[in-house]
Amino acid sequence: MSEKKVLVRVRGLAKDYKRGAETVHVLHKLDLDIQAGDFLALMGPSGSGKSTLLNLIGGLDRPSSGEIEVGGQRIDSLSDGALGRWRANHVGFIFQMYNLLPVLSAERNVELPLLLTALSRSERRKRVEAALTLVGLADRAKHKPRELSGGQEQRVGIARAIVSDPTLLLCDEPTGDLDRKSGDEVLNLLQALNERHGKTIIMVTHDPHAAARASHTLHLTKGQLSREPEAA
Amino acid sequence: MLKFLPLFFANLRRKPVRTSLTIASIVVAFLLFGLLKTMEGALSLAADLAGVDRLATMHKVSMIQTFPISYVNRIRGVDGVVEAAPFTWLGGIYQDERNQVAAQGTDPEAFLKVYPEYKLAPEQLAAWLSDRGSMIAGRSVANRFGWKIGDTVPLRSSFFRKAGGGDTWEMRLVGIYETTNGDNASLFFHREYVNESLAQNQGRDVIMFIVMKIANPDDAPKVSAAVDALFANSPAETKTATERAFIQGYANMIGDIGAIVTAVATAVFFTMLLVTGNTMAQSVRERTNEIAVLKTLGYSKRVVAGLVLTESFLITAVGGAIGLGLAALAAESVGATLAQFFPVIGIPSSTYVVGAVLIVLLSVLAAALPSAEAWRLRITDALRKA
């Protein structure tokens, strides 16, 4: 087995929230290494801190203490602006509720991350077309989200996440709002992105069926990680 | 910024009724603003074009009071007065009440001496001086009604009635004048032609004002005092002032237009600020989740706030441009209707500059709070609430 590089390194990570006078400790001194090319499923009961961990690794939130390094870069010390640019270049997000802009067509939604780049219009179009083709929705490019099924919307969400070719894909319950068939299609797609395109994927899920598609599963309980045997 | 245009337009189409109503409110605000500025401009332009060497005499009580025609000759005898021309408003109507014209009866020879800027071709001048039933008109009024030289035009008066009945005088158009003072919508006829058909105490032998040319503009106060002294303690005392003050006084009969424009415009734009600000605030609140998604994708606070600001600017700019455009069209059509009172009327070019500044100000102020909200929005909070 070849030695893989660590893409995500988390050390002593803690996250606390204030709820009135009370402080809620969501994550406690958490350590985690994720290899480049891994497909990691993160499971755990509601309120265990799965989404919080995902948000911290994706640079959407700031830790109370500890370090997060992604691709050799400390992201916990970046300024807001630098963190935004880092997200645009290195991370693709896939949400449970797809979070597409309802007023834009599928292709315009997918194009959104590219509007921040210096790419020409034709180059943007090429990339959007390639991303939509990859998720099998090239023929739905002009459709608005309300004209698509849930599974198709999620595939547009995946196309948006990969259009800028990020190293890391963060998925927050990507099949949580889908029926089994659509969910399987999305999981097939994620698996293909991991195996054929080398994307490192961290997926938060409640669904053991979805977690079974990942190469590793970690359980988060009361802010602490426990490693499970490698998924089949 | 151009690459974001589809996003702006898609957002504007999100709630088409709300966007249309907001734009319509802004259109009305800028239309009103444009019309008020047109009115103000018409009045101040007329005053600006007034000759520095001309004085005007009117009844001491008000401009609508008349005084005897005999005053003209007495004024001509005052030291420093070169010539004096009498004027009477006809309140002229051509064919239909809507076709009001600025028709004034005067003494043609005296008029042309007092107002040398009104030019006529020699044969037209000769025709006007020799024919008591003739008139001259400005180019725009002639074009408006399709009058040609030689046409006989029936003009009805809103003020006078003939002694034998009737209120319409037929006048032959003998000249189209050219002038440098911007007035190309007036009409001048022989005052005597109308006067001779009026009954005593029905406007006969009285006039509304006299405009005199003086030899030295520096003597204006002295000549004014001398003229008014002539008629002191008479049944019709006079008030003499520079032509500019006279026109300004005429404007002031309507009110302090500058103050009215400022007050109305301030009230209207404050209301617009609330309307547009509310629209933008509502629009941003409805899109909290989408703004959080944009931020997730790497859109900076500045870009997100800029998107809100640009959207506000687009709404205001579209409304403002349509409003000012409609004001320009309305000024043109109202100008024809009000030609009797304002021969020089049109939307002043400075209105567009002030309008552009107002568009920017309104859009920035209206978007200030929503932009700040978008700027401050925390991604995790917004996505959690969604």
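The shown structure was predicted, so the numbers you read here are calculated from the model rather than taken from an experiment.

Cut-off values and rules
Per-chain numbering applies: the sequence of each chain, read as written, is numbered from 1 onward. Each chain is given a letter, starting from A, and each ligand a number, starting from 1, according to the order in which they appear as written. Under the rules for a predicted model, residues below a pLDDT of 70 receive no local features and side-chain atom pairs below 80 are neither given nor counted, while totals for whole chains, interfaces and linings still include all residues. With hydrogens and water excluded, all non-hydrogen atoms of the structure serve as input to the side-chain values. Going along the chain from the N terminus, every DSSP run of H or I of four or more residues is numbered as a helix, and every run of E of two or more is numbered as a strand. Whether a residue is buried, partly exposed or exposed follows from its accessible area with a 1.4 Å probe, protein chains only, as a fraction of its type maximum: under 20%, in between, or over 50%, in that order. In what follows, a contact means two residues having at least one pair of non-hydrogen atoms within 4.5 Å. Method for areas: the Shrake-Rupley scheme with a 1.4 Å probe, in which residue coverage is limited to the protein chains shown. Think of it this way: a Phe, Tyr or Trp ring, Trp meaning its six-membered ring, pairs with another when their centres are within 6.5 Å, and the plane angle makes it stacked under 30 degrees, edge-to-face over 60, tilted otherwise. As a working definition, buried area equals the accessible area (1.4 Å probe) given up by two parts on being put together, with both sides summed. For salt bridges, the criterion is a side-chain nitrogen of Lys or Arg within 4 Å of an Asp or Glu carboxyl oxygen. Two N or O atoms form a polar contact when they lie within 3.5 Å of each other; inside protein one atom must be a possible hydrogen donor and the other a possible acceptor, and for residues adjacent in sequence the pair counts only when both atoms belong to side chains. Note on residue classes: Ala, Val, Leu, Ile, Met, Phe, Trp, Tyr, Cys and Pro are nonpolar, Asp, Glu, Lys and Arg are charged, and everything else, Gly too, is polar. For two strands to pair, DSSP has to find at least two bridges joining them. The quantity known as pLDDT measures the predictor's confidence residue by residue, on a range of 0 to 100.

A few words now on the overall build of chain A. Looking only at helices and strands, chain A has seven helices and ten strands in total. Burial statistics for chain A: of 232 residues in total, 53% are counted as buried. Long-range pairs, those at least 24 residues apart, make up 68% of the contacts in chain A between residues at least 6 apart in sequence. As displayed, chain A offers around 10,500 Å² of accessible surface, 48% of which is attributable to carbon and sulfur atoms.

Glancing now at the overall build of chain B. A count of helices and strands for chain B gives 14 helices and twelve strands. In chain B, which comprises 386 residues, the share counted as buried stands at 50%. Contacts in chain B between residues at least 24 apart in sequence constitute 80% of all its contacts with a sequence separation of at least 6. Within the structure as shown, chain B displays about 17,300 Å² of accessible surface, and the carbon and sulfur contribution to it stands at 61%.

Bringing the packing of aromatic side chains into the picture now. To describe a pair of aromatic rings, one takes the distance between the centres and the angle between the planes. Residues and elements named next belong to chain B. Tallying each qualifying case throughout the model produces 21 aromatic pairs over all chains. Here the aromatic rings of Phe 111 and Trp 128 are separated by 6.1 Å at their centres, their planes lie at 85°, and the arrangement is edge-to-face. With a gap of 17 residues between them, Phe 111 in helix H4 (residues 108–114) and Trp 128 in helix H5 (residues 122–130) connect regions that are remote in the sequence. Under the relative-accessibility criterion, Phe 111 is labelled buried at 1%. Relative to Tyr 118, the ring of Tyr 115 has its centre 5.8 Å away and its plane inclined at 90°; by these criteria the two rings are edge-to-face. Taken together, the aromatic side chains of Phe 87, Phe 111, Tyr 115, Tyr 118, Trp 128, Tyr 177, Phe 188 and Phe 209 make up a single cluster linked through ring pairs.

Each partner contributes to the interface: chain A provides 23 residues, whereas chain B provides 22 residues. Between chain A and chain B, roughly 2,000 Å² of surface is buried when both sides are summed, and carbon and sulfur atoms account for 65% of that area. In terms of surface lost to chain B, no three residues of chain A exceed A:Val103, A:Leu115 and A:Leu116, which account for 26% of the buried area on that side. At the junction of chain A with chain B, the criterion picks out two salt bridges. A:Asp80 is the salt-bridge partner of B:Lys301, the closest N and O atoms lying 3.0 Å from each other. The tally of links from chain A across to chain B stands at six residue pairs in polar contact (both at pLDDT 80 or more). The biggest single contributor to the side of chain A that touches chain B is helix H2 (residues 80–90) of chain A, with four residues. Considered class by class, the residues forming the side of chain A that touches chain B number 13 nonpolar, four polar and six charged.

Moving on: the pairing of strand E8 (residues 168–177) of chain B. All names here are of chain B. Of all the ten residues making up E8, seven are buried; the element is thus mostly covered by neighbouring parts of the structure. Pairing of strand E6 (residues 134–138) with E8 involves five bridges; the strand directions are parallel. From the neighbouring strand, Ile 136 faces E8, where its bridge partner is Gly 175. Note: strand E7 (residues 152–157) against E8, five bridges, orientation antiparallel. Residue Val 153 lies in a different strand from E8, and its bridge partner there is Met 171.

Moving on, we come to unusual backbone geometry. Residues and elements named next belong to chain A. Positive phi values are uncommon outside glycine, yet Asn 99 reaches one of about 55°. The backbone of Asp 165 shows a phi angle near 55°, a positive value even though the residue is not glycine. Residue Asp 165 is classed as exposed on the basis of its relative accessible area, which comes to 53%.

This brings us to the confidence of the model for chain B. Chain-level pLDDT for chain B is 88 on average; 93% of the residues reach the 70-or-more range. Interface scoring of the predicted complex returns ipTM 0.91; its pTM is 0.69.

So, on to the sheet that holds strand E2 (residues 22–35) of chain A. Residue and element names in this part refer to chain A. Pairing in this open sheet of four strands is antiparallel, and the strands run E2-E1-E4-E5 from one edge to the other. Unpaired on one side and paired on the other, E2 and strand E5 (73–74) mark the two borders of the sheet. Taken together, the ten bridges between strand E1 (residues 6–19) and E2 define a ladder with antiparallel strand orientation. Note that in E2 the partner of Arg 19 across the bridge is Glu 22.

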